[in-house]
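Here's the letter readout for the chains.
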Amino acid sequence: MATRHDTAALPVKGGAAPGRPPGNPAPVDKEQRRRARLSRRWQRDMRWSPYAFVSPFFLLFLAFGLFPLIYTGWASLHQVELTAPTDMNWVGMKNYTRIFDDEFFWNAAKNTLTIGVISTVPQLLMAMGIAHILNYKLRASTFYRVAMLAPYATSIAAASLVFVLLFGRDYGMINWALDFVGIDPVDWQGDKWPSQFAVSSIIIWRWTGYNALIYLAAMQAIPQDLYESAALDGANRWQQFIHVTLPALRPTILFTVVVSTIGASQVFGEPLLFDANKGASGGAEHQFQTLGLYLYEQGWVNQHLGRASAIAWTMFAILIVIGIINQLISRRLRASS
């Protein structure tokens, strides 16, 4: 019986499956490694790029926000003067009790409240009315919107100086108009309520257009179907505004009220520049001195940095209370809607 012995053929040079020389990887392996490196780089970029983009804000906040906040909190517990800011003597809560016993602090708090009410309520009502008018199709509507924002773009110094001239006692245009109709001239800078009304008028003039544009943007987001349904039910424009526009604007109204309240609690430039003596006392009898002016007077005029820091933290606590009230009202509005 014949036996067959089969043997495998040796690889031939130049055949279909040539041998791979050592140390010379295939182009496919290079491409795979290149893609793997790009994939890892892309993953690192997707992971760390957002942190790099937001890091400038946190660095600036750390340098100009968080550090001053912590430093003023620490300084409020010490007796420290502007002439020697590194010499601190521990006094605990004495700075807080001292300002709470100071009648000028409570006078400034009352003035801040009254100026805030006088400026905020008419401001938001006027802004609502202007936004309601601009919400209709008008010719040159873009021009009117830019004109509404122009006072906001004006500097506080320029606006305050113009209003000082308008409310001048002897040569002001307001007193000239009052005298023209038979009303005696008013001492807008010397009397309490006229001076607060004059300061509030500056705030109203600067911020009404800004709030009007916020209301206008919110009004344009309201579906037109609601107005068409109300019109089919026989509602006129006033009824549509009451029953359609206002309910839809409740979150926006709450936002503007909170922002305006916070801004009113920090009023500084307007009363400072409105004072005839250009001082921080808010008039000869402190008749329009706000908390911002009172803080400036204690820290940079009287040079009591510790007491000024306590005032700053007191104002910060007031803002926290305003924020908590805002949160409670927002939660109740969401629950009711």
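Residues numbered from 1 in each chain as written. Predicted model: local features only at pLDDT ≥ 70, side-chain atom pairs only at ≥ 80, totals over all residues. Heavy atoms only, no water.

So, about the overall build of the chain. Helices and strands together make up the secondary structure of the chain, namely 13 helices and 2 strands. For the chain, whose C-alpha radius of gyration is 34 Å, the value lies well above the compact-globule estimate of 20 Å for 337 residues. By its C-alpha atoms, the chain is 145 × 75 × 40 Å across when sized along the principal axes. Across the chain, contacts joining residues at least 24 apart in sequence account for 66% of those joining residues at least 6 apart. Only carbon and sulfur atoms are counted for the fraction: they give 65% of the accessible area of the chain, which is about 22,300 Å². The distance from the centre of the 28 positive side-chain charges to the centre of the 21 negative ones in the chain is 22 Å. (Helix = DSSP H or I, 4+ residues; strand = E, 2+ residues; numbered from the N terminus. Rg over C-alpha atoms; globule rule 2.2 N^0.38 Å. Contact = heavy atoms within 4.5 Å. Areas by Shrake-Rupley, 256 points an atom, 1.4 Å probe, with all protein chains shown as cover. Lys, Arg positive; Asp, Glu negative; His and termini not counted. Charge placed at Lys NZ, Arg CZ, Asp CG, Glu CD.)

Together, K30, R33, R37, R40, R41 and R44 give the surface a local cluster of positive charge. Tracing the sequence through the fold places R37 in helix 1 (residues 27-75). Judged by its relative accessible area of 43%, R37 is partly exposed. (Patch = residues over 30% accessible without salt bridge, like charges linked within 9 Å, V, L, I, M, F, W, Y side chains within 5 Å. Salt bridge = Lys/Arg side-chain N within 4 Å of Asp/Glu carboxyl O. Buried < 20%, exposed > 50% of the residue type's maximum accessible area, 1.4 Å probe, protein only.)

As a further point, take the pattern of salt bridges. Counted under the stated rule, the structure contains 2 salt bridges. Across the salt bridge formed by D170 and R169, the nearest N and O atoms sit 3.5 Å from each other. Judged by its relative accessible area of 55%, D170 is exposed. Across the pair R206 and E270 runs a salt bridge whose closest N-O atoms are separated by 3.8 Å. In this pair, R206 is assigned in helix 7 (residues 192-220) and E270 in helix 11 (residues 269-274), connecting sequence segments 64 residues apart. Of the two residues, R206 and E270, neither departs from the other in class, the shared state being buried.

Our focus in this paragraph is the packing of helix 4 (residues 141-153) against helix 7. Interhelical geometry of helix 4 versus helix 7 gives an angle of 140° and a closest axis separation of 6 Å. Between helix 4 and helix 7, the angle is such that the two are oblique. Judged by the twist between their axes, the crossing of helix 4 over helix 7 is left-handed. Taken together, the residues of helix 7 that come into contact with helix 4 (itself represented by R145, M148, L149, P151 and Y152) are W205, R206, W207, G209, Y210, L213, L216 and Q220. Among the residues making up the contact of helix 4 with helix 7, the classes are represented as 9 nonpolar, 2 polar and 2 charged. (Axes fitted to C-alpha atoms, helices over the stretch in contact; angles between N-to-C directions. Parallel < 35°, antiparallel > 145°, perpendicular 65-115°, else oblique. Left-handed = near helix turned anticlockwise from the far one by under 90°. Nonpolar A, V, L, I, M, F, W, Y, C, P; charged D, E, K, R; others polar.)

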